[in-house]
Amino acid sequence: MITNISLLSLWVSDIDASLAFYTDVMGFEVGDDLQLGPDFRWTTVVHPKQPELQIHLTTPSKPLPDYLIAAMERAQAEGAMPGIGLNVDDCRATYADLTAKGVEFLQEPEDRPYGVEALMRDNSGNWMVLVEPRSFTPEDFEGVDMG
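Residues numbered from 1 in each chain as written. Predicted model: local features only at pLDDT ≥ 70, side-chain atom pairs only at ≥ 80, totals over all residues. Heavy atoms only, no water.

## As for the side chain of T44
Applicable threshold: Only DSSP runs of H or I reaching four residues or more are called helices, and only runs of E reaching two or more are called strands; each is numbered from the N terminus. Only protein chains enter the accessibility calculation, which uses a 1.4 Å probe; a residue is then buried when its area is under 20% of its type maximum, exposed when over 50%, and partly exposed in between. Polar contact criterion, stated in full: a pair of N or O atoms within 3.5 Å, where within protein one must be able to donate a hydrogen and the other to accept it, and residues adjacent in sequence count only if both atoms are side-chain atoms. By the convention used here, residues are in contact when the closest approach between their heavy atoms is within 4.5 Å.
On the secondary structure map, T44 appears in strand 3 (residues 41-47). According to the relative accessible area criterion, T44 is buried, its value standing at 0%. Engagement of the side chain of T44 in a polar contact is seen with the backbone nitrogen of D32, the distance being 2.8 Å. Beyond its immediate stretch of four places on either side in the chain, T44 contacts L7, E29, V30, G31, D32, Q54, I55 and H56.

Here's what the structure looks like:
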């Protein structure tokens, strides 16, 4: 029986730069950082409050076919890759802290029926959503335009 999610892979353009971003800017800790042969590096970060979930930082590379590597690199360059969602205790304060550290935001904190939300990009262009969650019901969305 499945008990939990333990690993999520995140496509990045440069493992060293992303490792620095996630540890120095976002407050994660290094999980593993192993060179497994000449062409493969296994690098993970974990959040100190959720160490059982590892985020695997990996680049588009072999064994993926060349056409897929090229497509993923184009999507990264355009900032069109999906990323991860992060819960925060104070979205506006987190936004101010990360903005001061040079993080690119696509959307400033906004009130939503489910909480306060901001959209940002990591240093590889992956979209990330920050949410200060609050309780909601389906009725809270009536008449709400999420576009």
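Back to the text.
## Examining the confidence of the model for the protein
To keep things clear, this is the line we draw: For every residue, the predictor assigns a confidence score, pLDDT, that lies between 0 and 100.
Taken over all residues, the pLDDT of the protein has a mean of 93, while the share at 70 or more is 99%. Ranking the helices and strands of the protein by mean pLDDT puts helix 3 (residues 91-100) first, with 98, and helix 2 (residues 66-77) last, with 93.

## Comments concerning the environment of F136
Counting through the fold element by element, F136 comes out in the segment after strand 8 (127-133). Between the C-alpha atom of F136 and that of P113, which follows or precedes it by 23 residues, the distance is 6.4 Å. In this structure, F136 is in contact with P113, Y114 and F141, ignoring residues within four places of it in sequence.

## Describing a nonpolar patch on the surface
For clarity, the threshold we go by: A patch is a set of surface residues, each over 30% in relative accessible area and not in a salt bridge, joined within 9 Å for like charges and within 5 Å for the nonpolar side chains Val, Leu, Ile, Met, Phe, Trp and Tyr. Under the convention used here, a 1.4 Å probe and the Shrake-Rupley method define accessible areas, while residue burial counts only the protein chains that appear. Criterion for a salt bridge: a side-chain nitrogen of Lys or Arg within 4 Å of a carboxyl oxygen of Asp or Glu.
A surface patch of nonpolar side chains, about 260 Å² in accessible area, is lined by L34, L36 and F40. Here F40 lies in the loop between strand 2 (29-35) and strand 3.

## As for the sheet that holds strand 4 (residues 50-58)
Our working definition: Between any two strands, pairing holds if DSSP finds at least two bridges. Convention adopted: a line fitted to C-alpha atoms gives each axis, helices being fitted over their contacting stretch, and angles between N-to-C directions are expressed from 0 to 180 degrees.
The mixed open sheet is built from four strands, whose spatial order is 1-4-3-2. Of all the strands in the sheet, the pair left with one neighbour each is strand 1 (7-11) and strand 2. For this sheet, the mean angle separating the axes of adjacent strands, direction not counted, is 25 degrees. Relative to strand 3, strand 2 runs antiparallel, the two being bridged by five bridges.

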